[in-house]
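Analysis of the macromolecular model
Now for the letters of each chain:
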Amino acid sequence: MSDLKLPTRAEDFSEWYNQLVLRAELADYAPVRGCMIVRPYGWALWENITAALDSRFKATGHVNAAFPLLIPKSFIEKEKSHVEGFSPELAVVTHGGGEKLEEPLVIRPTSETIIGHAYAKWIQSYRDLPVLINQWNSVVRWELRTKLFLRTLEFFWQEGHTAHATAEEAEAETRQMLDVYTDFAVREAAVPVIPGKKSAAERFAGADQTYSIEAMMGDGKALQAGTSHNLGQNFAKAFEIRYLDNTGVLQHCWTTSWGLSTRFVGAIIMVHGDDQGLILPPRLAPHQLVIVPIYKSDDEKIAVLEAARKIRAELIAAGIRVKMDERDGLSPGFKFNDWEMRGVPLRIELGPKDVAKASVVLARRDKPGKEGKSFVPQAGIAGAVSALLNEVQQALFDRALAFRKSNTAEPSDYNEFKLAVEKGFAFSWWCGSGDCEEKIKAETKATMRCIPLEQPGGAGNCIFCAKPSQEKAIFARAY
Ligand SMILES: [Zn+2]
């Protein structure tokens, strides 16, 4: 906590982000390079994310379990493209209890292999299918360039792993979980996302098909905010996950995996934040409202705090997450700035005059100054606050969507394309060739983010090679 101003987003978006994460007390650097300490305020935000996702997973028939952190190194090597993809990022344990291990152990970078091993034991018959398991855990990937929440050596996430009898069921599951992520992002985080299909180059190591949700950050860059993979029979074959079908024939299963991580916290920061700091979506904010009592004399303090506590109790009873800022020796102005920086959606200012009038000042974080302030009677305060929280939630989504639309171009030629990806997304015809994708990346730093599921139809010419193309893709520079 300090009075120093953040750099503006226009000056230095990256530094604005770094300082904000530290100053808002979301996370801190760890003694090991690239690791992250998630502080209580950041963890509370993550807990609300996990609760919103977990209830959706359970509503779609999934159950939670826990698999081990340590994986025999030979497991990772069983699926060819999986090992190629993950080898450079593995952390390997070679010693235990002071002895060199016979077989090195890998700290899980993801759990397809160890879960595949277990599924091979558990699944025998078509009656055992589908298996729909999720786990909440952390994984380690030895990343070279790191940034708090966005890319850290260890990160927190959920990984869902399912096994099915048919290819169609596995594809339906993959798409269902992409829909779950989309619904979560839009309704809970007020983050507009584009669900789509990844290119072969951007696919998960060992997947037949990867889908993702892509969001536009406040600097126009893209962030992959969640992924869902159709693993085909690749892991089923590597780990012998088989079942007897209803005619008595032994078949390999079809598996999927899907994950959303603490990266999403980074998305929330970069989609909604402004030059004053965080703006948290009400449905996920650790504190939805902060009460700042204002007083000078002891008599005023007694009266104001009494009224403030009554309001707090009413709001809590209505299920609203409330913080009362009773810190001594700090001016109301300081507290306003502090909670604005930390992104609390609503603020109640309560002074002796408000107590006398039985009203409060209710201020919105997303609308600074007078425009966002209103006088609200203390009677029926919970209803007024609930309604305003919904309004803020919707306003954040609308603003983020309008921003994305105004920074998404449909360039008519490659020169326009190059300008478009300087400031945002380019939505362009693409022939599907990895060669075009690679050259575009080399020349513009923009990657193929996804082929959106929602397509305009018809056909056009590839933005790079001009060959006939059936699909349009989102290209952007990305985190
Ligand atoms: Zn092309």
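Values in this document were obtained by computation on a predicted structure and should not be read as measured data.

1. Quick look at the coordination of the zinc ion
Protein coordination of the zinc ion is provided by C431 (SG), C436 (SG), C462 (SG) and C465 (SG), with donor distances spanning 2.3 to 2.4 Å. Each of the four donor atoms around the zinc ion contributes to a set of angles spanning 102 to 122°, which defines the coordination as tetrahedral. When the donor residues of the zinc ion are listed from N- to C-terminus, their spacing reads C-x4-C-x25-C-x2-C.

2. With respect to the packing of helix 1 (residues 13-23) against helix 8 (residues 263-272)
Relative to each other, helix 1 and helix 8 sit at 120°, their axes nearing to 11 Å. With respect to each other, helix 1 and helix 8 are oriented oblique. Of the two elements, helix 1 crosses helix 8, and the hand of that crossing is right-handed. Taking contact as the criterion, the partners of F13, W16, Y17, L20 and V21 in helix 1 are, on helix 8, G266, I269 and M270.

3. Section: the nonpolar core
Ranked by size, the top nonpolar core spans 58 residues in total, and within it I49, F149, F264 and I269 carry the most contacts. Once you skip the residues sitting within four places of it in the chain, I269 turns out to touch W16, Y17, L20, V21, L26, F149 and L278. In this structure, F67, I123, F235 and F239 belong to the second largest nonpolar core, which totals 28 residues.

4. Quick notes on the sheet that holds strand 19 (residues 373-377)
Taken in spatial order, the five strands of this open sheet run 16-15-17-18-19, and their pairing is mixed. The two strands at the open ends of the sheet, each matched to only one other strand, are strand 16 (322-324) and strand 19. Across the sheet, the mean angle separating the axes of adjacent strands is 25° when strand polarity is ignored. Of the pairings in the sheet, the one linking strand 15 (residues 289-293) to strand 17 (residues 346-350) comprises five bridges and is parallel in character. Along strand 17, the bridge assignment pairs P293 with L350. Against the sheet, helix 10 (residues 332-341) engages strand 15, strand 16 and strand 17, with an angle of about 170° to strand 15. Each of strand 15, strand 17, strand 18 (359-364) and strand 19 touches helix 12 (residues 381-406); the most contacted strand, strand 18, lies at about 10° to it.

5. Some details on the side chain of R347
Locating R347 in the fold gives a position in strand 17. A polar side-chain atom of R347 sits 2.8 Å from a polar atom in the side chain of E349. Setting aside residues no more than four positions away along its own chain, R347 makes contact with V290, V292, F336, E340, V361, L362, A363 and K373.

6. Concerning unusual backbone geometry
Most peptide bonds take the trans configuration, and most residues that are not glycine carry a negative phi. Across the junction of L129 and P130, the peptide omega takes the value -5°, indicating a cis bond. Residue K445 is not a glycine yet carries a positive backbone phi of 65°. Structurally, the position occupied by K445 is in the loop between helix 14 (434-444) and strand 22 (447-452). Residue classification places K445 among the exposed residues on the basis of a relative accessible area of 62%.

Cut-off values and rules
Residues numbered from 1 in each chain as written. Predicted model: local features only at pLDDT ≥ 70, side-chain atom pairs only at ≥ 80, totals over all residues. Heavy atoms only, no water. Donors = N, O, S within 2.8 Å, 3.2 Å for Na, K, Ca; no water. Tetrahedral: all angles 85-135°; square planar, octahedral: opposite > 155°, others 65-115°. Axes fitted to C-alpha atoms, helices over the stretch in contact; angles between N-to-C directions. Helix = DSSP H or I, 4+ residues; strand = E, 2+ residues; numbered from the N terminus. Parallel < 35°, antiparallel > 145°, perpendicular 65-115°, else oblique. Left-handed = near helix turned anticlockwise from the far one by under 90°. Contact = heavy atoms within 4.5 Å. Core = buried A, V, L, I, M, F, W, Y, C linked by side-chain atoms within 4.5 Å. Buried < 20%, exposed > 50% of the residue type's maximum accessible area, 1.4 Å probe, protein only. Pairing = 2+ DSSP bridges. Polar contact = N/O pair within 3.5 Å; in protein donor to acceptor, adjacent residues only side chain to side chain.

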